[in-house]
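# Summary of the model geometry
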Amino acid sequence: MNKQKLHDLRVFAAEIRLETLKIIGSRGFGHVGGSMSMADAMAVLYGDVMNIDPKNPRWEDRDWFVLSKGHGGPVMYATLGLKGYYPMESAYTLNQPGTDFPSHTDRRKTVGVDLTTGSLGQGMSEAVGAALGSKVKGRTNHVFVAVGDGECDEGEVWEAAQFAAHYKLDNLVCLVDNNKRQLDGAVADVMSHGKGIGAKFDAFGWHVIDVQDGNDVEQISDAIAEAYTVKGQPTCLILNTVKGKGATFAEPSGAHSSQPTKEQWDEAIAASEAQLAAIRAEQ
Ligand SMILES: Cc1ncc(C[n+]2csc(CCOP(=O)(O)OP(=O)(O)O)c2C)c(N)n1
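Residues numbered from 1 in each chain as written. Predicted model: local features only at pLDDT ≥ 70, side-chain atom pairs only at ≥ 80, totals over all residues. Heavy atoms only, no water.

Going by the annotation in an unreviewed UniProt entry, the name recorded for the chain is Transketolase, with Butyricicoccus intestinisimiae given as the source organism. Of the chain, the UniProt comment under Sequence similarities (unreviewed entry) reads exactly: "Belongs to the transketolase family." If you open the UniProt record of the chain and go to Cofactor (unreviewed entry), you find "thiamine diphosphate". (UniProt positions renumbered as here; feature names shortened; annotations may be inferred.)

Rendered as structure tokens:
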């Protein structure tokens, strides 16, 4: 990747982090952990990879993105706002009565959200259906789906994975946000994954790419470029991420949801602004 593009994607990821904090901060509490771990993947998808048109969100031939771990809604709202799908301020009504920005993503409410999610596991099936539908219609687009490592406890994820491999859905890319934590603590303690989530996808017939640092935009980008070369199989990216990445009050503990004090919010937003300024100054 050329230096300018790398720089732009790192800036975009830092902008997404800052806006994610502001969006959740407007409500005072929410799923900071699993939103922040996804910021770099969102930057690569929406900043470079995906063929989309914010002015025409339902354009039929667009690439699709499904946030199966729908509780990460804020990172999606930050990304779509920065892409110009709506004025960012409208997302500062997160989860308030009458809002178009519920805590979990809803295609009927938020412009740019392709499919509704929140019940873990279901988004994976929805994405598989969208990918199959694209094939049936002869489209050349791609469908991306993000699942959590805790979400991979759901049997539905594996039914969908089996189906996707059977139907050779090489237009489908699954990103596993492998941040090692879920709601109740460490994934390894709550429900371990045997030889690993990647080994499972491999056994189900997927092409699997282990992205050592899932918070590195260049590594994510390289992995997606590889996914685009794979024929006859869906691809799974294991993104080894950090839960709460970049949120001063959440990263050390890897908390699932957070309700920090006003001072902690102010500190986190100031740190995130400083981080963005530092990345912008690099070149
Ligand atoms: C079917 C279902 N069961 C339980 C929940 C409640 N829930 C929301 S998030 C979560 C943990 C998810 O962990 P993970 O997929 O690792 O998410 P991340 O750490 O990336 O935020 C749970 C159990 C749910 N949303 N859906």
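Here we come to helix α3 (residues 39-49). Among the 11 residues in α3, 9 count as buried, and that is most of the element. Within α3, burial applies to A39, D40, A41, M42, A43, V44, L45, Y46 and V49. (Buried < 20%, exposed > 50% of the residue type's maximum accessible area, 1.4 Å probe, protein only. Helix = DSSP H or I, 4+ residues; strand = E, 2+ residues; numbered from the N terminus.)

Moving on, we get to the packing of helix α1 (residues 3-27) against helix α10 (residues 262-281). For the pair α1 and α10, interaxial distance at closest approach is 9 Å and the crossing angle is 165°. Between α1 and α10, the angle falls in the class roughly antiparallel. Relative to α10, the crossing made by α1 is left-handed. Touching H7, R10, V11, A14, E15, R17, L18, L21, K22, I24 and G25 of α1 are W265, A268, I269, S272, E273, L276, I279 and R280, all from α10. When the residues that make up the contact of α1 with α10 are grouped by side-chain class, the tally is 10 nonpolar, 3 polar and 6 charged. (Axes fitted to C-alpha atoms, helices over the stretch in contact; angles between N-to-C directions. Parallel < 35°, antiparallel > 145°, perpendicular 65-115°, else oblique. Left-handed = near helix turned anticlockwise from the far one by under 90°. Contact = heavy atoms within 4.5 Å. Nonpolar A, V, L, I, M, F, W, Y, C, P; charged D, E, K, R; others polar.)

Looking now at the confidence of the model for the chain. The predicted coordinates should not be examined in detail at positions where pLDDT is low. For the chain, per-residue confidence averages 97 on the pLDDT scale, and residues scoring 70 or more make up 100% of the total. No element of the chain has a lower mean pLDDT than strand β5 (residues 185-186), which averages 96, and none a higher one than strand β3 (residues 172-178), which averages 99. (pLDDT = per-residue confidence, 0-100.)

Okay, the site of the ligand next. Around the ligand, a shell composed of 18 residues is seen, among which K69, H71, G150, E151 and K243 lie nearest. The side chain of D149 places a nitrogen or oxygen atom 2.9 Å from an oxygen atom of the ligand. The contact in question runs from an oxygen atom of the ligand to an N or O atom on the side chain of N179, over 3.1 Å. Among the cavities detected, the one that contains the ligand is the second largest pocket. Taken together, the residues of the shell around the ligand sort by class into 2 nonpolar, 9 polar and 7 charged. (Near = heavy atom within 4 Å. Polar contact = N/O pair within 3.5 Å; in protein donor to acceptor, adjacent residues only side chain to side chain. 1 Å grid on protein atoms, 1.4 Å probe; cavity = no way out; pocket = protein on both sides within 12 Å on 5 of 7 lines; lining within 4 Å. Sits in = over half its atoms within 2 Å of the grid points.)

The subject of this paragraph is the sheet that holds strand β7 (residues 235-240). Strand pairing in a sheet relies on backbone hydrogen bonds, with the paired strands running either antiparallel or parallel. Read from one edge to the other, the open sheet built from 5 strands follows the order β1-β2-β3-β7-β6, with strand pairing classed as parallel. Two strands in the sheet have a free side with no partner beyond their single neighbour: β1 (64-67) and β6 (207-211). Each adjacent strand pair in this sheet contributes to an overall mean axis angle of 20°, direction not counted. In the packing of α3 onto the sheet, contacts are made with β1, β2 (143-148), β3 and β7, and the angle to β1 comes to roughly 165°. (Pairing = 2+ DSSP bridges.)

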